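# Structural overview for review
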Amino acid sequence: MVTGLGVVTPVGNDVESFWSALVAGRSGIGPITHFDASNYRTRIAGEVKGFNPEQHFEKREARRIDPYSQYFMVACRQALAQADIKYGPDDPENASAGVMVGAGFGGMNAFVEEITVLLKRGPERVSPTGIPKIIANMAAGLVSIEHNLLGPVSCVVTACSASANALGDAAELIRRGAADVMVAGGAEAAITTYGVAGFNQARALSIRNDEPEKASRPFDAERDGFVMGEGAGAVVLEDRDRAIERGATILGELIGYGMSADAYHITLPRPGGTGAARAMSAAMRDGGLEPGNISYINAHGTSTEANDAGETAAIKIAMGKEEAYRVPISSTKSMTGHILGGAGAVEAIVSLLALNRGILPPTINQEHPDPECDLDYVANAARPFTGEYAMSNSFGFGGHNVALVLGSERVARE
Amino acid sequence: MEKTEIETRLRDVLVSELGLDADKINRSANFETDLDVDSLGVVELLMAMEDEFGVKIPDDEAEHIHTVGEAIDLVHGKLNV
């Protein structure tokens, strides 16, 4: 059962402002301000706005926590607050509560800073707190420390599918009785000198610098790469009986989890989408559903040439042609940019909100149809719908394919 | 350099580089128990002192620093040999 949600994103730092931006089709993409990007091929990104660390952390504490972990911690606070879950240090239930974070990188800001110091000033000038800021699992460690969670605490690092894996793995821990409550999700804060430079050299990013809000255009014929986003998404997953017993407000259910690998190339998806299709089919099977049950797909939809055509092909294989043309699909990365390791969790949250509120968030910037991308992408404007099940896709460098199937609050409460 | 100048500069560094609470800093304050400086913070403290005063503090000398006063004395000794 899902009983709490939390987000920090380029379009809003809480669930309500995030959702209203998505429904309004508002882009969070703009010029990069985190560093001077004037000599970079790409000078735009979806940055988190109005996030003042000292509003959330004591000054001393903030210095030791990378923005990556800060985003995750704030998203987890929101989710736990909504779930109305609070553990004291000696609470007997602590041992059955845990946290699972997904990351593409981890503390990349600290990594870049420390390597810079190392090269400029030598080995004895790097910070003693650098390593704990950098390591990706620290976000989970910090959440466990803050909220007294003594159960399974872990981290998944599978590039852009990481936080979808984190949600799936956390649900699995609950399913097999290893935990009753898991705070799960993911984060990324990689809009750094090296992050942008590295993706640029892989020719992965859009260079539509003069029109930032139009740069992320998944499925559109004039897409030219993804736009980096940043932020975090967190979900409280809870054992059904426990949630019902304590009278928690149930927001939905994670009912299907599918994984596959492309086993093809380090960064390119396998052409034809067969790998991604197997993950989607596995997720539907895991949830005991048929393609006809799926009312919405939140696509991975990165705005790269290869992903969007391949994912479209994958949806046709997994859903079957008829259902593929029926089901509305949107990529909210058109507004948030690609939150990398945090994307899966943020988009699972979008999927749940869409089901619960009966609104499909759009894919913005649909201006030039691509014959290879000919499905219903909820072009440019949100629209009402009714449905009980949604699928959220997340694929990562390395050939990772993950699909999650979520059920609405209505089916979860039945 | 006079101890009072060392104290002023050390206090500024403790606030700006380590984020310590200025009100709690005095010569008798113990880094661990009064100022809540943990083992990682001690290394930050030594680095900050080395950078600020241009001195080198080996680990065996660092072990003797428990209070702000001892830190001032150590720096004073190194600068006035």
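See above for the structure.
Summary of the structure given here. Given the structure is predicted, the values throughout are model-derived calculations rather than measurements.

A few words on the overall build of chain A. From N to C terminus, chain A includes 17 helices and 14 strands. Here the C-alpha atoms of chain A give a radius of gyration of 20 Å, agreeing with the 22 Å that 2.2 N^0.38 yields for 414 residues. When each of the 414 residues of chain A is scored for burial, the buried share is 62%. Sequence separation of 24 or more characterises 78% of the internal contacts of chain A that already satisfy a separation of 6 or more. Accessible surface computed for chain A: about 15400 Å², of which carbon and sulfur atoms make up 53%. Taking the average place of the 35 positive charges on the side chains of chain A and the average place of its 49 negative ones, the gap between the two points comes to 4 Å.

This part covers the side chain of serine 351 of chain A. Tracing the backbone through its elements, the reader meets serine 351 of chain A in helix H16 (residues 343-357). Dropping the residues within four chain positions of it, serine 351 of chain A is found in contact with Tyr296, Asn298, Ala390, Met391, Ser392 and Leu406 of chain A.

The next thing to look at is the interface of chain A and chain B. Chain A puts 12 residues into the contact, and the matching count from chain B is 17 residues. Taken together, both faces of the contact between chain A and chain B bury some 1200 Å²; the carbon and sulfur share is 37%. When residues of chain A are sorted by the area they lose upon contact with chain B, Arg60, Arg125 and Pro128 of chain A head the list and together hold 50% of the total. In this structure, the connection of chain A to chain B is made through seven salt bridges.

We now examine the environment of glutamate 305 of chain A. Residues and elements named next belong to chain A. Along the chain, glutamate 305 falls in helix H13 (residues 305-319). Using a relative accessible area of 47% as the deciding quantity, one classes glutamate 305 as partly exposed. It is 9.4 Å that separates the C-alpha atoms of glutamate 305 and alanine 204, two residues lying 101 residues apart in sequence.

So, about helix H5 (residues 108-121) of chain A. Residues and elements named next belong to chain A. Taking 1.5 Å per residue, 14 residues should reach 20 Å; H5 reaches 19 Å between its end C-alpha atoms and fits that length. For H5, the full list of buried residues reads Met108, Ala110, Val112 and Glu114. Looking at the buried residues of H5, the elements they touch are helix H6 (130-134) and helix H9 (193-201). Backbone geometry just downstream of H5 places glycine 122 in the positive-phi region, at approximately 100°.

Another point: the sheet that holds strand E4 (residues 97-103) of chain A. Residues and elements named next belong to chain A. If you walk across this open sheet you meet the five strands as E1-E7-E6-E4-E5, and the pairing is mixed. Single-partner strands in this sheet number two, and they are strand E1 (2-8) and strand E5 (153-156). Going from strand to strand, the sheet's axes swing by 15° on average, the running direction of each strand aside. Direction of pairing for E1 relative to strand E7 (residues 231-238): antiparallel, over a ladder of six bridges. Pairing of glycine 6 across the sheet is with alanine 234, part of E7. Of the strands in this sheet, E4 and E5 are in contact with helix H7 (residues 138-147), which crosses E4 at around 155°.

Within the element layout of this structure, glycine 168 of chain A appears in helix H8 (residues 162-175). Taking the C-alpha atoms as reference, glycine 168 of chain A lies 9.0 Å from valine 402 of chain A; in sequence the two are 234 residues apart.

With the rule as written, the count across this model stands at 33 salt bridges over all chains. Ionic pairing is found between arginine 357 of chain A and glutamate 16 of chain A, a salt bridge with its closest N-O pair at 2.8 Å. Here arginine 357 of chain A is found in helix H16, whereas its partner glutamate 16 of chain A is found in helix H1 (residues 15-24), with 341 residues between them in sequence. Of the charged contacts, one joins glutamate 367 of chain A and lysine 214 of chain A as a salt bridge, the two residues approaching to 2.9 Å between their closest N and O atoms. Of the two residues, glutamate 367 of chain A sits in the loop between strand E11 (359-360) and strand E12 (383-384) while lysine 214 of chain A sits in helix H10 (residues 212-215), which places them 153 residues apart along the sequence. Its relative accessible area of 31% is what places lysine 214 of chain A among the partly exposed residues. Three or more residues are tied together by salt bridges with common partners; here these are Arg63 and Arg64 of chain A together with Asp38 and Glu44 of chain B.

Time to look at the environment of aspartate 262 of chain A. All names here are of chain A. Among the structural elements, aspartate 262 can be located in the loop between strand E8 (253-261) and helix H12 (274-286). For the pair aspartate 262 and arginine 43, spaced 219 residues apart in the sequence, the C-alpha separation amounts to 31 Å. Discounting residues that sit within four places of it in the chain, aspartate 262 has contacts with Pro269, Arg270, Gly275, Ala276, Gly399 and Asn401.

Strand pairs in the sheet, formed through backbone hydrogen bonds, run parallel or antiparallel to each other. All names here are of chain A. Strand order in the open sheet made by the five strands is E8-E14-E13-E9-E10, with mixed pairing throughout. Where the open sheet ends on each side, the last strands, each with one partner, are E8 and strand E10 (329-330). In the sheet, strand E9 (residues 296-298) pairs with strand E13 (residues 389-396) via three bridges, with the strands oriented parallel. If you follow isoleucine 297 over to E13, its bridge partner there is methionine 391. In the packing of H13 onto the sheet, contacts are made with E9, E10 and E13, and the angle to E13 comes to roughly 135°. Docked against the sheet, H16 engages E8, E9, E13 and strand E14 (400-407), running at close to 165° with respect to E13.

What counts, and where the lines are drawn
- Residues numbered from 1 in each chain as written.
- Chains lettered and ligands numbered in written order.
- Predicted model: local features only at pLDDT ≥ 70, side-chain atom pairs only at ≥ 80, totals over all residues.
- Heavy atoms only, no water.
- Helix = DSSP H or I, 4+ residues; strand = E, 2+ residues; numbered from the N terminus.
- Rg over C-alpha atoms; globule rule 2.2 N^0.38 Å.
- Buried < 20%, exposed > 50% of the residue type's maximum accessible area, 1.4 Å probe, protein only.
- Contact = heavy atoms within 4.5 Å.
- Areas by Shrake-Rupley, 256 points an atom, 1.4 Å probe, with all protein chains shown as cover.
- Lys, Arg positive; Asp, Glu negative; His and termini not counted.
- Charge placed at Lys NZ, Arg CZ, Asp CG, Glu CD.
- Buried area = accessible area lost by both parts, 1.4 Å probe.
- Salt bridge = Lys/Arg side-chain N within 4 Å of Asp/Glu carboxyl O.
- Expected span 1.5 Å × (residues − 1).
- Pairing = 2+ DSSP bridges.
- Axes fitted to C-alpha atoms, helices over the stretch in contact; angles between N-to-C directions.

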